[in-house]
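Descriptive analysis of the structure
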Amino acid sequence: MMRWGYVGTVVAFGLSLCLSPFAASAEPAYVSVVREYVETVVKPMVNAAIVRKAIEEQNTKFGNLSDMDIQVLDNTYRSEIQAGGWQMVRHLLAKPVSRYLKSKQDDSQGAIIEFFVTDRHGLNVGQGTMTTDYWQGDEDKFLKTFARQSDEIFIDRAERDEQTQLLETQASFVIKDENGKPIGIATVTIAIDAL
């Protein structure tokens, strides 16, 4: 009888561990791999003067945009994509910072699928490829990093791309100026299978 009591205690203890908040908060295996890649590969790319200078210039240019101004810019960008005009897209992709991000994306051997940086409003400053929207300020990539003044890397849920069948996730983090003041964010879409 004592033996079954011991087994029952062990089973109950094991079950309580499985149901504990610590077990539930365990992160998926890909998160640590992506975090390491961002820390060692992506952050040094973003730390370049060309990136910070472009963000600081746009922060100065756009100053205190209203929410309405931001919506107009984002809606214009989206409308141009749908209509095929692409004036804003072409302008963004022609910027030196975008060409720099594109070269780093190309050098990643398929690990980086998308690479862009934003200003303090969440508006794109530079992008390696065309993004679907111009304003990121209402998305978790911005809300869980810049809006919280967080030093953490936000890694989104992994999903399999229907066209490429690659397992992808987005990682975002705050970009700071030389004095440590947050000025924008960087976001990379990473092909987990390529790491």
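For the structure given in this document, a descriptive report is provided here. (Residues numbered from 1 in each chain as written. Predicted model: local features only at pLDDT ≥ 70, side-chain atom pairs only at ≥ 80, totals over all residues. Heavy atoms only, no water.)

1. Quick notes on the overall build of the protein chain
- A tally of helices and strands in the protein chain yields eight helices and six strands.
- Tracing the protein chain from N to C terminus, the helices and strands come up as α-α-α-α-α-α-α-β-β-α-β-β-β-β.
- When each of the 195 residues of the protein chain is scored for burial, the buried share is 43%.
- Expressed as a percentage of contacts within the protein chain between residues at least 6 apart in sequence, the contacts between residues at least 24 apart total 60%.
- For the protein chain, the exposed surface amounts to about 11,400 Å²; the carbon and sulfur share of it is 56%. (Helix = DSSP H or I, 4+ residues; strand = E, 2+ residues; numbered from the N terminus. Buried < 20%, exposed > 50% of the residue type's maximum accessible area, 1.4 Å probe, protein only. Contact = heavy atoms within 4.5 Å. Areas by Shrake-Rupley, 256 points an atom, 1.4 Å probe, with all protein chains shown as cover.)

2. Remarks on the nonpolar core
- Counting 31 residues, the largest nonpolar core has V38 and V42 as the members making the most contacts within it.
- Listing elements by their share of this core, those giving two or more residues are helix 3 (29-46), helix 4 (49-62), helix 7 (96-107), strand 1 (112-118), strand 5 (167-176) and strand 6 (182-191).
- Sorting elements by how many residues they give to this core places helix 3 first, with eight residues.
- Look past the residues within four positions of V38 in its chain and what remains in contact with it is K43, P44, I153, A171, F173, V188 and I190.
- Core analysis: the next-biggest nonpolar cluster, separate from the first, contains nine residues, F62, M88, V89 and L92 among them. (Core = buried A, V, L, I, M, F, W, Y, C linked by side-chain atoms within 4.5 Å.)

3. A closer look at helix 7
- Here helix 7 is 12 residues long and its end C-alpha atoms lie 17 Å apart, about the 16 Å a rise of 1.5 Å per residue gives.
- Taken residue by residue, helix 7 has V97, S98, Y100, L101 and Q105 as its buried positions. One face of helix 7 carries all of its buried residues, which in axial projection span an arc of 160 degrees.
- The secondary structure elements touched by the buried residues of helix 7 are helix 3, helix 4, helix 6 (87-94), strand 1 and strand 2 (124-127).
- With its phi angle positive at about 55 degrees, Q109 sits one or two positions after the end of helix 7. (Expected span 1.5 Å × (residues − 1). Arc of directions from axis to C-beta.)

4. Overview of the packing of aromatic side chains
- The tally for this structure, following the rule as stated, stands at two aromatic pairs.
- Judged by centre distance (5.2 Å) and plane angle (25 degrees), the rings of F142 and F146 are stacked. Across the pair, exposure class does not vary: F142 and F146 are buried alike.
- Between K43 and the ring centre of F173, over which it is positioned, the NZ or CZ distance is 5.3 Å. (Phe/Tyr/Trp six-rings, centres within 6.5 Å; stacked < 30°, edge-to-face > 60°. Lys NZ or Arg CZ within 6 Å of the ring centre and 35° of its normal.)

5. Quick word on a nonpolar patch on the surface
- The grouping of W86, L93 and M130 at the surface amounts to a nonpolar patch, some 240 Å² of accessible area in total.
- Assignment of secondary structure puts L93 in helix 6.
- You can call L93 partly exposed: its relative accessible area is 32%. (Patch = residues over 30% accessible without salt bridge, like charges linked within 9 Å, V, L, I, M, F, W, Y side chains within 5 Å. Salt bridge = Lys/Arg side-chain N within 4 Å of Asp/Glu carboxyl O.)

6. Here's the deal with the pairing of strand 6
- Across the 10 residues of strand 6, 10 count as buried, placing the element largely inside the fold.
- Sheet topology places strand 1 next to strand 6; five bridges connect them, and they run antiparallel. Within strand 6, the residue paired with V117 across the bridge is A186.
- One ladder, built from nine bridges, connects strand 5 with strand 6; its direction is antiparallel. Counted as the bridge partner of I175 is G184 from strand 6.
- The hairpin turn running from strand 5 into strand 6, its antiparallel successor, is five residues long, and G180 in that turn takes a positive phi close to 85 degrees. (Pairing = 2+ DSSP bridges.)

7. Re the environment of Q165
- Positionally, Q165 belongs in the loop between strand 4 (159-160) and strand 5.
- Setting aside residues no more than four positions away along its own chain, Q165 makes contact with R160 and D193.
- Within the structure, Q165 has its side chain in polar contact with the backbone oxygen of E162 (distance 3.0 Å). (Polar contact = N/O pair within 3.5 Å; in protein donor to acceptor, adjacent residues only side chain to side chain.)

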